[in-house]
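# Examination of the molecular architecture
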Amino acid sequence: RKEVEQDPGPFNVPEGATVAFNCTYSNSASQSFFWYRQDCRKEPKLLMSVYSSGNEDGRFTAQLNRASQYISLLIRDSKLSDSATYLCVVNPQAGTALIFGKGTTLSVSS
Amino acid sequence: GAVVSQHPSWVICKSGTSVKIECRSLDFQATTMFWYRQFPKQSLMLMATSNEGSKATYEQGVEKDKFLINHASLTLSTLTVTSAHPEDSSFYICSAPGHLYEQYFGPGTRLTVT
């Protein structure tokens with residue numbers, strides 16, 4: 001079983017749509033969780049951290065369920081500029097390397 | 001936030017030659033840096049952990065004699081791909097851990113071996 005698994009995608013949605021990405025992780029002892037965004041041929045950039053209480057940043061909402069080892073990202077009112085690959089990322093402990101999912105590609109069209 | 005640079009941003013080399021990639025922390029010191037590799041449509045995979053003043057730690061399946069890592073100072077780690085072959089063509093990215101769970105990524109180096 002892969003350490004971090006994501007929806008295979010790609011997701012092709014019209015502008016204004018709501019889209020949800022899911023992710024599961026295998027190491028129950030993992031300490032922190034993130035969603036990163038990666039544009040083509042670029043380094044990944046932190047989109048948001050994910051907490052059990054859920055957190056929201058504008059149109060983006062992330063949720064963590066430790067019991068089921070499940071992470072989600074919801075994007076509301078999709079914009080063309082949201083087109084990118086979204087990476088589910090787990091950090092086993094502070095100061096160690098990140099573990100990346102394969103990524104889910106989102107394409108928003110007008 | 002903290003800045004990590006990488007050089008070169010892209011490189012094309014002939015099979016059999018060696019290529020050195022530099023990763024620098026510009027405004028902070030990094031005793032540890034991580035080197036990742038990403039093949040097309042694949043996830044970033046950790047290759048090795050670079051430790052200042054000591055030997056790097058390589059992940060299973062990564063040849064330490066082929067991917068030479070040197071972390072000679074608190075702001076510079078280098079990855080040298082020796083005797084590069086077309087299958088080494090990939091996107092190489094370094095990162096350095098920051099406070100708690102933060103990580104700062106370099107912009108990446110795209111290597112094409114012909």
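One can find the structure itself at the top, above this paragraph.
Scoring rules and cut-offs
In this convention, every chain numbers its residues from 1, walking through the sequence in written order. By the order in which they are written, chains take letters starting at A while ligands take numbers starting at 1. Thresholds applied to this predicted model are a pLDDT of at least 70 for local features of residues and 80 or more for the giving and counting of side-chain atom pairs; totals over whole chains, interfaces and linings are not thresholded and use all residues. Computation of side-chain values: all heavy atoms of the structure, hydrogens and water removed. Helix and strand definitions follow DSSP, with helices as H or I runs of at least four residues and strands as E runs of at least two, each counted in order from the N terminus. A radius of gyration in this sense is built from C-alpha atoms; the matching globule rule multiplies 2.2 Å by the number of residues raised to 0.38. Burial classes: relative accessible area under 20% of the type maximum marks a residue as buried, over 50% as exposed, and values in between as partly exposed (1.4 Å probe, protein chains only). When checking whether two residues touch, look at their non-hydrogen atoms; a contact exists if any pair is within 4.5 Å. Only the protein chains shown count as cover for residues, with accessible areas throughout obtained via the Shrake-Rupley method and a probe of 1.4 Å. Think of it this way: Lys and Arg go in the positive column, Asp and Glu in the negative one, and His and the chain ends go nowhere. In plain terms, the charge of a residue is placed at NZ if it is Lys, CZ if Arg, CG if Asp and CD if Glu. Buried area: the accessible area, evaluated with a 1.4 Å probe, that two parts lose upon being put together, summed over both parts. A side-chain nitrogen of Lys or Arg and a carboxyl oxygen of Asp or Glu constitute a salt bridge if their distance falls within 4 Å. Counting of polar contacts relies on pairs of N or O atoms within 3.5 Å, with two restrictions inside protein: one atom must be capable of donating a hydrogen and the other of accepting it, and residues adjacent in sequence are counted only when both atoms are side-chain atoms.

### Observations concerning the overall build of chain A
When helices and strands are counted, chain A shows 0 helices and 11 strands. Mapped in sequence order, the helices and strands of chain A form the string β-β-β-β-β-β-β-β-β-β-β. For chain A, the C-alpha radius of gyration of 13 Å lies close to 13 Å, the compact-globule estimate for 110 residues. The dimensions of chain A, computed from C-alpha atoms along their principal axes, are 40 × 30 × 25 Å. The proportion of buried residues among the 110 residues of chain A is 45%. At a minimum sequence separation of 6, the contacts of chain A that also span at least 24 residues come to 54%. For chain A, the accessible surface area stands at approximately 5400 Å², while carbon and sulfur atoms represent 48% of it. The averaged location of the 10 negative side-chain charges in chain A is 4 Å from the averaged location of its 11 positive side-chain charges.

### Considering the overall build of chain B
Counting secondary structure elements, chain B contains 0 helices and 11 strands. For chain B, the sequential pattern of α-helices and β-strands runs β-β-β-β-β-β-β-β-β-β-β. A globule of 114 residues ought to have a C-alpha radius of gyration of about 13 Å, and chain B, at 13 Å, matches this closely. Considered along the principal axes of its C-alpha atoms, chain B spans approximately 40 × 25 × 25 Å. Within chain B, the proportion of its 114 residues that are buried is 50%. Looking at chain B as shown, the accessible area adds up to about 5800 Å², and 53% of this sits on carbon and sulfur atoms. Of the side-chain charges in chain B, 9 are positive and 9 negative, and the distance between the mean point of each set is 7 Å.

### Describing the interface of chain B and chain A
Every contact between the two is made by 18 residues of chain B and, on the other side, 20 residues of chain A. Overall, the association of chain B and chain A removes approximately 1500 Å² of surface from exposure, summing both partners, and the carbon and sulfur fraction of that is 60%. Viewed at the interface, chain A and chain B are joined by 0 salt bridges. Put simply, the parts of the chain that give the side of chain B that touches chain A at least two residues each are strand S4 (32–38), strand S9 (90–97) and strand S10 (103–105) of chain B.

### Thoughts on the side chain of Asn 51 of chain B
All names here are of chain B. Take Asn 51: it is sitting in strand S5 (residues 45–51). For Asn 51, a relative accessible area of 18% corresponds to the buried category. Among the polar contacts listed, one links the side chain of Asn 51 to the backbone oxygen of Lys 55, at a separation of 3.3 Å. Residues in contact with Asn 51, not counting those within four places in the same chain, are Thr 31, Thr 32, Ala 56, Thr 57 and His 71.

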